[in-house]
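Coordinates in review
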Amino acid sequence: MDQGGLPENLSRSLSDRVLVNGTVVPITFTDDGKLRWTGKGQRCLTMEKEVLGFALEGTRIRVNYAVEKGDGICCVGNRGDLVRQSFVFEPLSDDSLRLWSQKLRDYIDSLGRPKRLLIFVNPYGGKKSATKIFSEDVKPYLEDADIQITVIETKHQLHAKEVAKTLDLSKYDGIVCVSGDGILVEVVNGLLEREDWAAAIKIPIGMVPAGTGNGMVKSLLDAVGQPCSASNAVLAVIRGHKCSLDVATILQGETRFFSVLMLAWGLIADIDIESEKYRWMGSARLDFYALQRLLHLRHYNGCVSFMPAPGFEDYGEPTAYHGEPTNEKSPTLENSVKIQWHGYHGSDVKLENKHWRTISGPFISVWLHNVPWGSEDCMAAPKAKFSDGCLDLIIVRDCPKLSLLSLMSKTNDGSHVKSPHVTYIKVKAVVLEPGPRVEDPAKEGIIDSDGEVLARGKGSYKCDQKALMAYDKLQLTVDQGLATLFAPV
């Protein structure tokens, strides 16, 4: 074993000779976390990007790693889908075995990776494949990384929120949602209703795509050019890198809802919610119902007031902030979020005496986005950032049906925002005042936040069902970087 005579930048590296497949070969572990050995040519593993973990097997060491499908072992990061592999070597002495084990452990520990995770699995979301995805694509990676896991299968809507509100967070280094975006939203809302919300909301949350939309994990992985796959998503969790995430507070009187993805009113909300009647069609229901809504297009009266981000001050007409929405019309519901004094109350940004603008309807669609992707095939807001303190406001007012059809087809790559029929604004705060349909004033619309119905107006789809808020004025403010996500880089 030779540790002398190395360059200064490798002064703490480890060089040795070990058995690999019955042959003695040289092996080196460098300070920058590269494991190199001679096999069929020079071989290399990068600890930070590729190695999941290692295990002692008697006198041998098994190094578990993940590389792009079809690739061998290399020293650069991979951007494709991944496959698990392992490399086994046998040090030639007990001292060497102990030294290699300690060296690998110390390096992995220095990366700040999670060691204990709570996993939510939603067996009912999307194609009901989350349980299979967890057992086949998630659990093996976590076992290779030697991460202790506690698994909770959600039993009903708001189950994850209930757990997050009372969870002993000291037992975990993070929370992972094997689901669509809905469980993430529940976890964030649960954490923010805790007495210790300020500390609780900082626990990192990971996403593994197993739902209908998967907009958050698509946004995370697409930002670094990676496919939206379970293997890439779980590797991001294992590596332990983090990013901040803006959280929007939707307020109506004393009722609050915390949003991390989007809010929609008009065409997008109608398609998202009303297409549920065709759920038997699978994902095709959205395209099918979108065509129906385009053929029988609705326009909604109303008003959108906003505090523009720098550079967007010329959109709309000047107006003044009219104060927080009251809850005079808000329903008293069993599932209403009545935030107690010790819960998070929302951003402390001052809205009075600020530069406010307003845009009046009729509207075809009003869409607010916190991240670029609303689902795996819909880049709603291509300029959205995870932690810029802004929401991206996408408005469509007057648009011919054929142009609207073309516009909708371009949401898969975000080019719809270049249409002259689209107004795209970055905003710091919004007051939405929804109104009735132009074509039928006796009927109102639906307000959809993060895939769930926030409010149902009279005459709307399933308007007899309870909703969190009234179909009335509501306010959105943004708290920059409030939550934390596990991220690919």
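All of these numbers come straight from a predicted model, not from anything done at the bench. (Residues numbered from 1 in each chain as written. Predicted model: local features only at pLDDT ≥ 70, side-chain atom pairs only at ≥ 80, totals over all residues. Heavy atoms only, no water.)

Observations regarding the overall build of the chain
Helix and strand content of the chain: ten helices and 25 strands. Since a compact globule built from 489 residues should have a radius of gyration of about 23 Å, the 26 Å found for the chain is in line with a globular shape. By its C-alpha atoms, the chain is 85 × 50 × 45 Å across when sized along the principal axes. Expressed as a percentage of its 489 residues, the buried residues of the chain come to 55%. Restricting to contacts in the chain with at least 6 residues of sequence separation, those with at least 24 account for 73%. (Helix = DSSP H or I, 4+ residues; strand = E, 2+ residues; numbered from the N terminus. Rg over C-alpha atoms; globule rule 2.2 N^0.38 Å. Buried < 20%, exposed > 50% of the residue type's maximum accessible area, 1.4 Å probe, protein only. Contact = heavy atoms within 4.5 Å.)

Concerning the confidence of the model for the chain
In this model, the chain carries a mean pLDDT of 90, and residues with pLDDT of at least 70 account for 91%. Long-range and interchain partners of residues 1–11, a stretch whose pLDDT sits below 50, account for 15 contacts in this model, where long-range means more than four residues apart. Here residues 330–341 is a poorly scored stretch, pLDDT under 50, and it has 30 contacts once near neighbours within four places are set aside; other chains count. (pLDDT = per-residue confidence, 0-100.)

Section: the packing of aromatic side chains
Taken as a whole and judged by the stated rule, the model has ten aromatic pairs. Pairing Phe29 with Tyr107 gives two aromatic rings, centres 5.5 Å apart and planes at 85°, and the pair type is edge-to-face. On the criterion of sequence distance, the pair formed by Phe29 in strand β2 (residues 23–29) and Tyr107 in helix α1 (residues 94–110) is long-range, its members being 78 residues apart. Given the relative accessible area of 18%, Tyr107 is considered buried. Linked through ring pairs, Trp37, Phe87, Phe89 and Trp100 together constitute an aromatic cluster. (Phe/Tyr/Trp six-rings, centres within 6.5 Å; stacked < 30°, edge-to-face > 60°.)

With respect to the pattern of salt bridges
In total, this model carries 15 salt bridges according to the counting rule given. Ionic pairing is found between Lys34 and Asp32, a salt bridge with its closest N-O pair at 3.9 Å. Residue classification places Lys34 among the buried positions, given a relative accessible area of 16%. Here Asp32 falls in the partly exposed class, since its relative accessible area comes to 46%. Ionic pairing is found between Arg298 and Asp270, a salt bridge with its closest N-O pair at 3.1 Å. Of this pair, Arg298 sits in the loop between α9 (284–295) and β15 (300–308) while Asp270 is found in helix α8 (residues 267–274), placing the two residues 28 residues apart along the sequence. Overall, the relative accessible area of 14% leaves Arg298 in the buried class. Salt bridges here are not isolated pairs; linked through shared partners, they connect Glu57, Arg60 and Arg62. (Salt bridge = Lys/Arg side-chain N within 4 Å of Asp/Glu carboxyl O.)

Some words on the nonpolar core
The biggest cluster of nonpolar side chains holds 119 residues, and the ones touching the most others in it are Val178, Val187, Met216 and Leu404. For Met216, the contacting residues outside a window of four places in its chain are Asp181, Leu184, Met207, Leu245, Val260, Leu261, Val371, Phe386 and Leu485. Core analysis: the next-biggest nonpolar cluster, separate from the first, contains 23 residues, Val18, Leu45, Tyr65 and Phe89 among them. (Core = buried A, V, L, I, M, F, W, Y, C linked by side-chain atoms within 4.5 Å.)

Digging into a nonpolar patch on the surface
A grouping of Leu291, Leu295, Leu402 and Leu405 is seen on the molecular surface, where their side chains present a nonpolar patch of about 420 Å² in accessible area. As for its placement among the helices and strands, Leu402 is situated in helix α10 (residues 401–409). (Patch = residues over 30% accessible without salt bridge, like charges linked within 9 Å, V, L, I, M, F, W, Y side chains within 5 Å. Areas by Shrake-Rupley, 256 points an atom, 1.4 Å probe, with all protein chains shown as cover.)

What about the sheet that holds strand β3 (residues 34–39)?
Note on sheets: strands pair through backbone hydrogen bonds, and any given pair is parallel or antiparallel. Spatial strand order, β4-β3-β2-β1-β7-β6-β5: seven strands in an open sheet with antiparallel pairing. Looking at which strands have only one partner, the edges of the open sheet turn out to be β4 (41–46) and β5 (51–57). Strand-to-strand, the axes of this sheet are offset by a mean angle of 35°, without reference to chain direction. With eight bridges joining them, strand β6 (residues 60–68) and strand β7 (residues 82–91) adopt antiparallel strand pairing. Within β7, the residue paired with Val67 across the bridge is Val83. Across the sheet, α1 touches β1 (14–20), β2, β3, β5, β6 and β7, and the angle it forms with β5 is around 155°. Across the sheet, helix α2 (residues 130–144) lies against β5, β6 and β7, angled at about 25° from β7, the strand it touches most. (Pairing = 2+ DSSP bridges. Axes fitted to C-alpha atoms, helices over the stretch in contact; angles between N-to-C directions.)

Topic: the pairing of strand β21 (residues 391–396)
Counted residue by residue, β21 has six buried out of six residues, so it is predominantly covered. Taking every second residue as pointing to the same face, both faces of β21 are buried, with Leu391, Leu393 and Ile395 on one and Asp392, Ile394 and Val396 on the other. Sheet analysis places strand β18 (residues 365–369) next to β21, joined by five bridges and oriented antiparallel. Residue Trp367 lies in a different strand from β21, and its bridge partner there is Ile394. Relative to strand β22 (residues 422–437), β21 runs antiparallel, the two sharing six bridges. Counted as the bridge partner of Ile395 is Thr423 from β22.

Examining the packing of helix α3 (residues 159–166) against helix α4 (residues 181–192)
Contact pair α3 / α4: the axes reach a minimum separation of 7 Å and the direction vectors enclose 30°. Handedness of the crossing formed by α3 with α4: right-handed. Where α3 abuts α4, its residues His159, Ala160, Lys161, Ala164 and Lys165 lie against Ile183, Glu186, Val187, Asn189, Gly190 and Leu191. The class makeup of the residues in the contact of α3 with α4 is five nonpolar, three polar and three charged. (Left-handed = near helix turned anticlockwise from the far one by under 90°. Nonpolar A, V, L, I, M, F, W, Y, C, P; charged D, E, K, R; others polar.)

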